[in-house]
Amino acid sequence: MTGTVDQNPTPGRARSGTDAAVLSNVHVVAGGHEILRGVDLSLERGDLAVLVGPNGAGKSTVLRTLVGRIRPTQGRATIGGRDVSEMSGVERAGKVSWLPQIADVREPIRVLDLVAAGRFRFRESQVRSETAARTALETFGIGELAERRWYGLSGGERQRIALATLWTQEAPLLLLDEPANHLDPAHQIDTYRWIGEVVRGGGAEHGILCVTHDVDLIGWLAPSGSSVRIVGISDGRIRFQLPWESDDIVAALSELFAVDFEPVDVGGVRRLLVSGAGTSHDGARSTGSRRAGARSDDTRNDGNRSSQTRGSEVRP
Amino acid sequence: MRRALWIFLALVLLVACPWIGSRPPGEAGDFILWQLRVPRTLMAALVGATLSLVGAVYQTVLGNPLAAPSTVGTTAGAALGALVAIVFGLSASVGGLPIVAVAAFVGALAVTFLLTALAANDRARVDDVLLMGVAIALAAGAISAGLQFTSDQIGLAKAVRWTLGHLPQVGYRGVLLIAPFTIVSAGLLLSQTRALEALVGGEDLAHAQGVNVTRVRTLTLGAGALGVSAVVAWCGPIAFVGLLVPHLTRKLFGTSRRVLLPASLILGAVFLALCDTLSRTLVPGREIPVGVFTAALGAPTLIWLVTRRT
């Protein structure tokens, strides 16, 4: 049952669409707080989605739920129609990979060993795992770090090693939590360009969901204007899902973050710069949720509106 | 190449252990060599190997350099079980086994399975598991101290001797009794090498890569408890081996689990066999409990290892 998927390391062979990762009306309660309040979201091959929202909006929790690290208190998290929690770890790892926000490495491990661990799901020799790990390190331009130890590496080097580890796993769906964390501007742009390339250049083999609160970087994902879906989240609810090219995106993001964004064209890349502190926090959030709810009718957010209105009364 | 040489040298030392020290010529000497020293060295090797491998695995799965059979309560549970038997003067035997050993085995298993049950919860964070282990160890230690306080002089002397850690003259029978437990335990632990390697990157990353974090945690804690319980039931809590040897091995052989785990096992065997040989030869005619020896040797070595890193 699970074997057929596990033994097929080339993700492109399976039929697209059947392996979509879906959250349906997901609620997550942790430590007495409702972190997600009815989230509907789906990700499939060929998708490039950016999950944006202010601190504490529930972005990371969405990823943790999608990858089965947290079980929904209510609602379902499925991949290809099956509950994530019912899949074996190896089977799940063949469908979706995840870059956690914090790499919690607790020993001065050799970089090559860390990256080779990304091959856990493959039943293969250590030699093959290490070859794949070296290739992944080369892909990210850090082949020379293979024999180095984790301690003593810079934050940027660690972040790129983590990306290489994720890449060796060869899963079709990639969940990236702040992939440009700790990177200098040049490497931030490189990383976002790379993400855009993976989805665009891979013949729809991959789908990526990328979490960030750095709106300014989104423009680098799709300089050629291909489709990037922006998913806005705050207070545990999806507020809107809009294409980056949409005329409404600036207003939607401004309301989501309660600041004024201004689109600027920098060398053909559309970027959003903060031009003011925006309206008061309360006002921005409540109007934001109502308007975003109305807007997202054409996407996939219909079921949420009533709960959104309720939520904005409960929590300013 | 250099690694292989180290292992080879260590094994040569291990084999040489029974021949170290004086013995009378003729038949008596042969008896001492083949019926006392060889099985005792085998016992020391089994005990050292088990404690060290379990220490290396616990340090990985609990993500903490202080994790060891002694810091998660396994040895404290054994001590509690043994003390109950000693203090209440139970000298009978169960199926030919001394009841003290049986009680220690049960105590160690009970305490570690309590911890394993707590660790089996998906929501238990790894640091919490170690803290719970420390708390259980302290509680078991407190009960043991209370028991010692209420016991008579003879019981107290026995108890103190037991808690020092020693390698009893149990002959081949003792070796054959604990071997199945330690072999099953080591086999289960080594089968998790790849998962443990992934866990070095943190539980989140390991989960993403397909490791069933909770299952690996439960399985390794349980398998480790099985081996350590059998070992400490016979020998008492031999200090520092499970903590020191994995750190020493990492220094010599690096951090790759597929090298570190088997190397810890081998070096642990050699280390304890050597300590035992020293403990019986250093003062002629008198034997220093090997637990005293490992602690006296282990503590400074550990400090030296740590300061050398910085």
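Since the model is a prediction, treat every value here as computed from it, not as a measurement.

J.: What's the story with the overall build of chain B in this structure? I'm lost.
T.: Within chain B, the secondary structure is distributed over 13 helices and 2 strands. Taken across its 310 residues, chain B has 55% of its residues classed as buried. Summarising the internal contacts of chain B: among those between residues at least 6 apart in sequence, 75% fall at separations of at least 24. When the accessible area of chain B is evaluated, it comes to approximately 13200 Å², of which 72% is carbon and sulfur surface.

J.: Please clarify how the packing of helix α3 (residues 74-87) of chain B against helix α4 (residues 99-119) of chain B should be interpreted in this entry.
T.: Axis angle and axis distance: for two packed helices, these are the angle between their axes and the distance between the axes, and together they describe the pair. All names here are of chain B. At their nearest, the axes of α3 and α4 sit 6 Å apart, and the two run at 145° to each other. Along this stretch, α3 crosses α4, giving a crossing that reads as right-handed. The segment α3 lies against α4, with Thr74, Gly77, Ala78, Gly81, Ala82, Ala85 and Ile86 engaging Ile99, Val100, Ala103, Ala104, Gly107, Ala108, Val111 and Thr112. Along the lines of polarity and charge, the residues of the contact of α3 with α4 split into 10 nonpolar, 5 polar and no charged.

J.: It is not clear to me how the pairing of strand β11 (residues 260-266) of chain A should be interpreted in this structure. Could you clarify?
T.: It is a general feature of regular strands that their side chains alternate between the two faces of the sheet. All names here are of chain A. Inspection of the sheet shows β11 paired to strand β12 (residues 269-276) by 7 bridges, in the antiparallel sense. Within β12, the position partnered with Asp265 by the bridge is Arg270. As consecutive antiparallel partners, β11 and β12 are separated by 2 residues, and within that stretch Gly267 has a phi angle of approximately 55°, a positive value.

J.: In this structure, what is going on with the interface of chain B and chain A? I would like to understand it.
T.: When the parts of a complex come together, some accessible area is lost, and that lost area is often used as the size of the interface. Contact residues are listed per partner, giving 28 residues for chain B and 35 residues for chain A. Regarding the contact of chain B and chain A, the summed buried area is about 2600 Å², with carbon and sulfur atoms giving 46% of it. Broken down residue by residue, the surface that chain B buries against chain A is led by Arg194, His207 and Gln209 of chain B, which jointly contribute 27%. Linking chain B with chain A are 8 salt bridges.

J.: I would appreciate a short explanation of the confidence of the model for chain A in the present structure.
T.: A low pLDDT score tells you not to read the predicted coordinates there in detail. Mean pLDDT for chain A: 81, with 80% of residues reaching 70 or above. Segment residues 1-17 of chain A: pLDDT under 50, and 20 contacts once partners within four positions in sequence are set aside and those in other chains are kept.

J.: How should I be thinking about the pattern of salt bridges in this particular structure?
T.: Between side chains of opposite charge, a pair can form as their charged atoms come close. One pass over the full model with this rule turns up 25 salt bridges over all chains. Note that Glu203 of chain B is salt-bridged to Arg69 of chain A, the shortest N-O span being 3.5 Å. A residue pair is termed interchain when its members come from two chains, as with Glu203 of chain B in helix α9 (residues 203-208) and Arg69 of chain A in the loop between α2 (59-66) and β4 (74-79). Accessibility expressed as a relative area gives 13% for Glu203 of chain B, which makes it buried. Residue Arg69 of chain A is classed as partly exposed on the basis of its relative accessible area, which comes to 24%. Connected via shared salt-bridge partners are Arg110, Asp113, Glu130, Arg134 and Glu147 of chain A together with Arg258 of chain B.

J.: How do you make sense of the sheet that holds strand β8 (residues 207-212) of chain A when you look at a structure like this?
T.: The strands that make up a sheet are held in pairs by hydrogen bonds between backbone atoms, and each pair lies either parallel or antiparallel. All names here are of chain A. Spatial ordering of the open sheet is given by β6-β7-β8-β3-β9-β10, a layout of 6 strands whose pairing is mixed. The open sheet has two edge strands, β6 (96-99) and β10 (237-243), and neither has a second partner. When strand polarity is set aside, the average angle formed by the axes of neighbouring strands in this sheet is 15°. Taken together, the 5 bridges between strand β7 (residues 173-177) and β8 define a ladder with parallel strand orientation. Counterpart to Leu174 in the pairing with β8 is Ile208. Packing against the sheet, helix α6 (residues 155-168) makes contact with β6 and β7, and its axis sits at approximately 170° to β6. In this fold helix α7 (residues 185-201) packs onto β3 (48-52), β7 and β8, with an angle of close to 155° to the strand it touches most, β8.

J.: I keep staring at unusual backbone geometry and nothing clicks. Help me out?
T.: For residues that are not glycine, phi is negative in most cases, and the peptide bond is trans in most cases. All names here are of chain A. A positive phi angle is found at His182, which is not glycine, with a value near 65°. Among the structural elements, His182 can be located in the loop between β7 and α7. His182 sits in the exposed class, given a relative accessible area of 58%. Look at Asp235: it is not a glycine, yet its phi comes out positive at around 50°. Among the residues examined, Asp235 registers a relative accessible area of 12% and is labelled buried.

J.: Would you take a moment to explain the UniProt feature "transmembrane region" (unreviewed entry) in chain B for this structure?
T.: Under the UniProt annotation, the feature "transmembrane region" (unreviewed entry) is placed at residues 38-58, 70-90, 96-117, 129-150, 170-190, 225-247, 259-278 and 290-307 of chain B. In this annotation, residues 38-58 of chain B is assigned 100% helix and 0% strand; the end-to-end C-alpha distance for the span is 30 Å.

What counts, and at which threshold
- Residues numbered from 1 in each chain as written.
- Chains lettered and ligands numbered in written order.
- Predicted model: local features only at pLDDT ≥ 70, side-chain atom pairs only at ≥ 80, totals over all residues.
- Heavy atoms only, no water.
- Helix = DSSP H or I, 4+ residues; strand = E, 2+ residues; numbered from the N terminus.
- Buried < 20%, exposed > 50% of the residue type's maximum accessible area, 1.4 Å probe, protein only.
- Contact = heavy atoms within 4.5 Å.
- Areas by Shrake-Rupley, 256 points an atom, 1.4 Å probe, with all protein chains shown as cover.
- Axes fitted to C-alpha atoms, helices over the stretch in contact; angles between N-to-C directions.
- Left-handed = near helix turned anticlockwise from the far one by under 90°.
- Nonpolar A, V, L, I, M, F, W, Y, C, P; charged D, E, K, R; others polar.
- Pairing = 2+ DSSP bridges.
- Buried area = accessible area lost by both parts, 1.4 Å probe.
- Salt bridge = Lys/Arg side-chain N within 4 Å of Asp/Glu carboxyl O.
- pLDDT = per-residue confidence, 0-100.
- UniProt positions renumbered as here; feature names shortened; annotations may be inferred.

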